[in-house]
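Inside the fold
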Amino acid sequence: MIKRILILDKDHPYIIYKLRKEGFICDENYFDPVEKIKKIISLYDGIILRSRLKINKNLLKAAKQLKFIARIGSGIENIDKDYAYKKRIMLISTPEGNKDAVAEHAIAMLLSIMNHLFISHQEIRKGKWNRETNRGREIKGKTIGIIGYGNTGKAFAKKLSGFEATILCYDILPQVGDVYAQQVDMKTIFMKSDIISLHVPYTQKTKGMINKDFIKNFSKPFYFINTSRGGCILTDHLVQALKNGKIYGACLDVIEYERCSFENFFHHGKLPKNFFYLIHSKKVILTPHIAGWTKESKYKMAQIIVKKILSI
């Protein structure tokens, strides 16, 4: 029976309120490093976290009675999945909780970069009225390729359905296409896409998947959106494609240089020069990993995580 839960990241108060109401002991520990957590982890039946710590093999070895690890969010790359499964520890995440937030954010970034919204706004603030150089492009009539057709990919396609574009999807799983996107092979994605949106988990197979060899397969220049994980892209290759025009523009909510924990990103040593290209290029829009970070999604993910814990 699950009695005691360790909460490692501060999140929506609903989680602790609801679990305590259901009779669980919830201990909050938002600051101790993994070495200190290791000393007390044997006391707990469950862990709830976001991204503050990596749940590695050494920590899991000390977790003698752990029954579940609940990650508030979509990815579980900060958990040693193989060892957790070996120990029969259930892994829980909430990808359905922020899918709409991610989809809306991706569309907002795409509209902004295709229509030069941010650039023209900044120019007007400087007293510049440049109409012709800020002439935009429409989504209507374009072909959009969605790579990864799970929760967020499907939400993105659904919200795009009113734009009168052709929407294609690729996924390693068969028969996941629906009324909003036609499932095709990667060859078709490469040949037809004007816009690419990435919605894949971070795994050994997706690490660095967007590289120069991947990019050169496209038959025409395209816009690129990434709201999944920064490690799926080799930034040097992306920058090269932006410079030579193979990629018209990039909308990046995540970047390769992020750590496991995203806070204090600018305070961990020397940043690569291509990061500064991303910051200063008019072909790039950056946001600080907030695509799924809305007030609504925070509450929805809290509700979902509690529901899944109670169902164990």
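Presented here is an overview of the structure given in this document. Note that the structure is predicted; figures quoted are calculated from it, not measured.

Within the protein chain, the secondary structure is distributed over twelve helices and twelve strands. Taken over the C-alpha trace, the protein chain has a radius of gyration of 21 Å; the compact-globule value for 312 residues is 20 Å, and the two agree within 12%. Here the C-alpha coordinates of the protein chain stretch approximately 65 × 45 × 35 Å along the principal axes. Residue pairs at least 24 apart in sequence account for 59% of intrachain contacts in the protein chain once pairs closer than 6 positions are excluded. Looking at the protein chain as shown, the accessible area adds up to about 16800 Å², and 53% of this sits on carbon and sulfur atoms. Across the protein chain, the mean location of the 53 positive side-chain charges is 3 Å away from that of the 29 negative side-chain charges.

This part covers a positive patch on the surface. Positive charge collects at one region of the surface, where K38, K57, K61 and K86 lie side by side. Structurally, the position occupied by K57 is in helix 3 (residues 57–62).

Right, let's get into helix 5 (residues 99–114). Over its 16 residues, helix 5 runs 23 Å from end to end, which matches the ideal 22 Å to within 8%, given 1.5 Å per residue. All of the buried residues along helix 5 are A101, V102, A103, H105, A106, I107, M109, L110, S112, I113 and M114.

Considering all chains together, one arrives at eight aromatic pairs under this definition. Ring geometry for Y257 versus F275: centroids 6.0 Å apart, planes at 90 degrees, classification edge-to-face. You can see Y257 sitting in the loop between strand 11 (247–252) and helix 11 (273–280) and its partner F275 sitting in helix 11, a full 18 residues away along the chain. Each member of the pair Y257 and F275 is classed as buried. Taken together through their ring pairs, the aromatic side chains of F190, F214, F218 and F222 make up a single cluster. Across the ring face of Y248, the terminal group of R137 is positioned such that the distance to the ring centre comes to 4.3 Å. Residue placement shows K243 over the ring face of Y277; its charged tip is 5.2 Å from the ring centre.

Our focus in this paragraph is helix 11. Among the residues making up helix 11, those that are buried are N274, F275 and L278. Summarising the axial view, the buried residues of helix 11 lie within an arc of 110 degrees, below the 170-degree limit, and thus occupy one face. Residues of helix 11 that are exposed and angled more than 90 degrees away from the buried face: K273 and H280. Turning to helix 11, the residues buried within the fold contact helix 10 (235–244), strand 11 and strand 12 (284–286).

Counted according to the given criterion, the structure contains 15 salt bridges. Among the ionic pairs, K159 bridges to D100, the shortest N-O distance being 3.3 Å. Note that K159 is positioned in helix 7 (residues 151–160) and D100 in helix 5, a separation of 59 residues in sequence. On the accessibility criterion, D100 (26% relative accessible area) is partly exposed. Ionic pairing is found between E164 and K140, a salt bridge with its closest N-O pair at 3.7 Å.

Here is what the cut-offs are and how they apply
- Residues numbered from 1 in each chain as written.
- Predicted model: local features only at pLDDT ≥ 70, side-chain atom pairs only at ≥ 80, totals over all residues.
- Heavy atoms only, no water.
- Helix = DSSP H or I, 4+ residues; strand = E, 2+ residues; numbered from the N terminus.
- Rg over C-alpha atoms; globule rule 2.2 N^0.38 Å.
- Contact = heavy atoms within 4.5 Å.
- Areas by Shrake-Rupley, 256 points an atom, 1.4 Å probe, with all protein chains shown as cover.
- Lys, Arg positive; Asp, Glu negative; His and termini not counted.
- Charge placed at Lys NZ, Arg CZ, Asp CG, Glu CD.
- Patch = residues over 30% accessible without salt bridge, like charges linked within 9 Å, V, L, I, M, F, W, Y side chains within 5 Å.
- Salt bridge = Lys/Arg side-chain N within 4 Å of Asp/Glu carboxyl O.
- Expected span 1.5 Å × (residues − 1).
- Buried < 20%, exposed > 50% of the residue type's maximum accessible area, 1.4 Å probe, protein only.
- Phe/Tyr/Trp six-rings, centres within 6.5 Å; stacked < 30°, edge-to-face > 60°.
- Lys NZ or Arg CZ within 6 Å of the ring centre and 35° of its normal.
- Arc of directions from axis to C-beta.

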